[in-house]
Amino acid sequence: MLKTLPRSKTPSGAAYLEGGEGDETLVLIHGVGMRIEAWQPQIDRLANDFRVVAVDLPGHGFSDALTGAPELSRYVEWFRRFLEEAETGPVNVAGHSMGALIAGGIVATAPEKVRRVALLNGVHRRDADARRAVEARAKEIGSGAFDRVAPLARWFSQDEAQTEAYALVRDLLQAVDPAGYAAAYAAFAGGDAIYADCWPKVDCPALFLTGDGDLNSTADMAQDMAAAARRGRAVVIEGHRHMVNLTAPEEVNRALAGWLAMR
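In this text the structure is predicted, and so the values were computed from the model without any measurement. (Residues numbered from 1 in each chain as written. Predicted model: local features only at pLDDT ≥ 70, side-chain atom pairs only at ≥ 80, totals over all residues. Heavy atoms only, no water.)

Caption draft 1: Expanded view of the pairing of strand β2 (residues 15-19). Bridge count for strand β1 (residues 8-9) against β2 is 2 bridges, and the pairing is antiparallel. Bridge pairing links K9 to A15 in β2. Here β1 folds back onto β2, and the loop between the two strands holds 5 residues, one of which, G13, carries a positive phi near 100 degrees. In terms of strand pairing, β2 meets strand β4 (residues 51-55) through 4 bridges, oriented antiparallel. When the sheet's bridge partners are listed, L17 is paired in β4 with A54. (Pairing = 2+ DSSP bridges. Helix = DSSP H or I, 4+ residues; strand = E, 2+ residues; numbered from the N terminus.)

Caption draft 2: Seen up close, the packing of helix α2 (residues 72-85) against helix α3 (residues 98-109). Relative orientation of the contacting elements α2 and α3 amounts to 70 degrees, with a least axis distance of 9 Å. Here α2 lies roughly perpendicular to α3, going by the angle between them. When α2 is examined against α3, the residues L72, Y75, V76, F79, R80 and L83 are found in contact with a partner set consisting of M98, L101, I102, G105, I106 and T109. Its residues assigned to classes, the contact of α2 with α3 shows 9 nonpolar, 2 polar and 1 charged. (Axes fitted to C-alpha atoms, helices over the stretch in contact; angles between N-to-C directions. Parallel < 35°, antiparallel > 145°, perpendicular 65-115°, else oblique. Contact = heavy atoms within 4.5 Å. Nonpolar A, V, L, I, M, F, W, Y, C, P; charged D, E, K, R; others polar.)

Caption draft 3: Quick look at the packing of aromatic side chains. Following the criterion strictly, the structure yields 9 aromatic pairs and no others. Consider the rings of Y181 and Y185, whose centres lie 6.2 Å apart with planes at 85 degrees: the pair is edge-to-face. Here Y185 and Y181 lie together in helix α7 (residues 178-189), a separation of 4 residues that amounts to about one turn. This pair shows no difference in class: Y181 is buried, exactly as Y185 is. Taking the centre distance of 5.5 Å and the plane angle of 65 degrees together, the rings of Y185 and F188 count as edge-to-face. With Y185 and F188 both in helix α7, this residue pair falls 3 residues apart, about one helical turn. (Phe/Tyr/Trp six-rings, centres within 6.5 Å; stacked < 30°, edge-to-face > 60°. Buried < 20%, exposed > 50% of the residue type's maximum accessible area, 1.4 Å probe, protein only.)

As structure tokens, then:
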């Protein structure tokens, strides 16, 4: 049975978890189809040294849905409003997948709110084949007739099918609201290039992490973004795919701790 972590809610309807102590705040943004619980290994480790805030995407978990067109810029604006309502001050922002696109968007549009930024399994300038594939998935999800567990074959290897991480992600996909999922996926499908030119202008430490087996958020994408950023670092974890924060939590936590130590 899926264990639900306790949440608070902002006036505009964003559900979030807050814990830990420290002089700095780390905000975690999950990917499409997930929710706060997908960050459990990072919450457990990093709350020892930081105030950790994890937030449900709109239409996911316990957050209210957005209205209007499903565009990445609207999710970035939602996140900016969340930071203001949560009274965080400048924060360290780590996003996974769709959360990585939002993290890139906030550092591009409101850099004064960001101390450091980390993109886990982020997408960057998809090629034509990848774009067609993700747009086809977005159309299928938008139709309402889609296989909720289909992403598991992309996100995990066959050897990982019996793991707790696999079971957690399967349960989260089964529980997600279809409309919230479809809207976020549409924004995700069209968002890989919107803020792609920002990195040469980003002054803060920037981490780009993925698994070498992630065929959609590829190692080349992480390395390209790191090379473009003024203070960028790429980390590619061998033997892992899209849900690397769950399948390789110790390695991911070490990388995040190193990033959070950067001055």
